[in-house]
Amino acid sequence: MTPAELSRTVLATVRRAVEADELSLTGPVPERVVVRRPPRPGCGDYATNVALQLAPLTGAAPLAVADVIGRRLAAAPGIARVDVAAPGFLNITLQGESHEALVDLVREQGHRYGVGEHQVGDLPAPTGEPRADAYAAALHRLHAATGIEPPAPRPHPVRQTPDELLRTLGADATAWALLRPPAEDAPRTGPAEHLAQREGNPLFLVRYAHARSRALLRNAHDLGLEPGAASGHRDPAETELLGLIADFPRTVEAAARHGAPDRVARLLERTADALLRFHDACPALPKGEEKPSAVHGTRLALADAAGTVLANGLTLLGISAPRHL
């Protein structure tokens with residue numbers, strides 16, 4: 001279940017509670033419900049503040065509203081558990097099958113996951129101002145991916161010419177340097193920051209994590225091991241990575257809606273970091289005399305899905321995703 005699907009499930013649950021007179025509202029049911037990754041582990045897969053949002057329309061305490069919604073939501077397909085937390089949050093844990101279906105979906109859609117099947121077409125003609133041109137190209141790709149017409153922000157300009165940036169940073173690091181900060185912030189374009197081959201460099205981190213995922217698949221193939229059917233993800237490192245993979249399509253839509261490609265870049269950083277933690281905590285390849293098992297195949301499939309998200313996000317930003325680094 002993706003965050004967008006979960007949001008629709010929560011909204012449908014609210015509507016059913018209203019229709020059953022379990023909730024009495026003085027205004028209309030909201031058109032959208034926001035679900036987010038919880039701020040700390042142990043609070044389920046997703047959290048929503050819908051009860052806090054509805055409480056003023058009911059005259060009831062947020063905890064009472066959350067209790068009504070939570071009881072109904074816990075019975076919805078794909079939901080394993082719903083916990084109510086003060087002052088009125090709903091912490092939602094998905095069933096394992098939802099996680100498994102997500103990995104299968106990402107691997108089936110491949111380069112289309114989160115970016116649709118739209119053709120990018122010709123990029124806008126350059127104006128000569130590097131950051132404005134980088135933004136125009138990124139927003140063009142986001143529009144093609146989502147069908148949403150992004151607003152046209154006025155990004156903080158840079159002093160260098162396009163040729164100067166390309167000479168010092170190269171095309172990939174230039175795109176990252178210009179798109180990673182929010183539009184209103186002045187980008188830093190020093191080569192020491194963007195070309196360093198270490199995990200403290202966010203661009204290197206993202207591309208390294210992608211290359212690592214592809215190396216896992218190559219090494220597994222050499223061992224006669226292939227990504228297998230998902231069979232449950234329960235380690236915290238796995239569930240964290242799954243949540244970020246699920247967030248990718250929604251993040252792309254939000255980036256298009258707000259004209260903010262930096263949102264995609266930040267999600268890629270978090271996904272890369274989570275993938276490397278998963279790699280260390282949940283080995284996808286057998287060690288020593290260990291025999292290959294279904295668990296290894298499941299982990300390989302998750303690493304493959306995470307690598308797909310990293311590649312698709314980099315492509316949206318106009319940055320290459322090398323398989324070797």
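See the structure shown above.
Bear in mind the structure is a predicted one, so any value in this text is a computation, not a measurement.

A. Broad picture of the overall build of the protein chain. When its secondary structure is counted, the protein chain shows 11 helices and four strands. Taking 2.2 N^0.38 as the reference for a compact globule, 325 residues should give roughly 20 Å; the C-alpha atoms of the protein chain span a radius of gyration of 22 Å, in line with that estimate. Dimensions along the principal axes, computed over C-alpha positions, put the protein chain at roughly 65 × 60 × 35 Å. The buried share among the 325 residues of the protein chain stands at 50%. Of all intrachain contacts in the protein chain linking residues separated by at least 6 positions in sequence, the fraction that spans at least 24 positions is 70%. With the model as given, the accessible surface of the protein chain reaches about 15500 Å², and the carbon-plus-sulfur share is 52%. Across the protein chain, the centroid of the 35 positively charged side chains sits 2 Å from that of the 38 negatively charged ones.

B. Region of interest: the sheet that holds strand 3 (residues 79-85). In spatial order, the strands read 1-2-4-3; together these four strands make up an open sheet with antiparallel pairing. The strands lining the two open edges of the sheet, one partner per strand, are strand 1 (35-36) and strand 3. Bridge analysis of strand 3 against strand 4 (residues 89-94) gives six bridges, and the strand direction is antiparallel. Note that in strand 4 the partner of Val-84 across the bridge is Leu-90.

C. A positive patch on the surface, seen in detail. A surface patch of positive charge is lined by Arg-32, Arg-36, Arg-257 and Arg-263. By the element assignment, Arg-36 lies in strand 1. The class of Arg-36 is exposed, set by a relative accessible area of 54%.

D. Highlighting the side chain of Thr-308. Within the secondary structure, Thr-308 sits in helix 11 (residues 294-316). Classification of Thr-308 by relative accessible area gives buried; the value is 10%. One polar contact links Thr-308 to Arg-214, side chain to side chain, over a distance of 3.4 Å. Once residues lying within four places of it in the same chain are set aside, the contact partners of Thr-308 are Val-106, Gly-110 and Arg-214.

E. Quick look at the pairing of strand 4. Counting buried positions over the six residues of strand 4 gives five, a clear majority of the element. When strand 2 (residues 46-48) meets strand 4, the two strands line up antiparallel, connected through three bridges. Considered in strand 4, the bridge of Ala-47 is made with Asn-91. Once strand 3 ends, the chain turns through three residues before running back antiparallel as strand 4.

F. Up close: the packing of aromatic side chains. Applying the stated rule across the entire model yields two aromatic pairs. Taken together, a centroid distance of 5.7 Å and an interplanar angle of 15° make the contact between Phe-204 and Tyr-208 stacked. Here Tyr-208 and Phe-204 lie together in helix 8 (residues 202-222), a separation of four residues that amounts to about one turn. The partly exposed category is assigned to Tyr-208, whose relative accessible area is 27%. Stacked on the ring of Tyr-46, the Lys or Arg Arg-37 has its end atom at 5.6 Å from the ring centre.

G. Here's a closer look at the environment of Leu-216. The topology assignment puts Leu-216 in helix 8. Under the relative-accessibility criterion, Leu-216 is labelled buried at 6%. Every residue in contact with Leu-216, bar those within four places of it in the chain, is listed here: His-279, Ala-284, Leu-285, Leu-300 and Ala-303.

H. Up close: the environment of Pro-187. Note on placement: Pro-187 falls in the loop between helix 6 (162-179) and helix 7 (191-194). A sequence separation of 139 residues divides Pro-187 from Thr-48, and the C-alpha atoms of the two residues are 34 Å apart.

I. Expanded view of the pattern of salt bridges. In the structure shown here, the tally under the stated rule is 12 salt bridges. Here Glu-22 and Arg-72 are joined by a salt bridge, their closest N and O atoms 2.9 Å apart. Taken as a pair, Glu-22 in the loop between helix 1 (3-19) and strand 1 and Arg-72 in helix 3 (residues 62-73) lie far apart in primary sequence, 50 residues in all. Looking at Glu-22, the relative accessible area reads 37%, which means it is partly exposed. By relative accessible area, which is 28% here, Arg-72 ends up partly exposed. Linked by salt bridges that have partners in common, Arg-107, Arg-214 and Asp-304 make up one network.

Cut-offs used in this document
- Residues numbered from 1 in each chain as written.
- Predicted model: local features only at pLDDT ≥ 70, side-chain atom pairs only at ≥ 80, totals over all residues.
- Heavy atoms only, no water.
- Helix = DSSP H or I, 4+ residues; strand = E, 2+ residues; numbered from the N terminus.
- Rg over C-alpha atoms; globule rule 2.2 N^0.38 Å.
- Buried < 20%, exposed > 50% of the residue type's maximum accessible area, 1.4 Å probe, protein only.
- Contact = heavy atoms within 4.5 Å.
- Areas by Shrake-Rupley, 256 points an atom, 1.4 Å probe, with all protein chains shown as cover.
- Lys, Arg positive; Asp, Glu negative; His and termini not counted.
- Charge placed at Lys NZ, Arg CZ, Asp CG, Glu CD.
- Pairing = 2+ DSSP bridges.
- Patch = residues over 30% accessible without salt bridge, like charges linked within 9 Å, V, L, I, M, F, W, Y side chains within 5 Å.
- Salt bridge = Lys/Arg side-chain N within 4 Å of Asp/Glu carboxyl O.
- Polar contact = N/O pair within 3.5 Å; in protein donor to acceptor, adjacent residues only side chain to side chain.
- Phe/Tyr/Trp six-rings, centres within 6.5 Å; stacked < 30°, edge-to-face > 60°.
- Lys NZ or Arg CZ within 6 Å of the ring centre and 35° of its normal.

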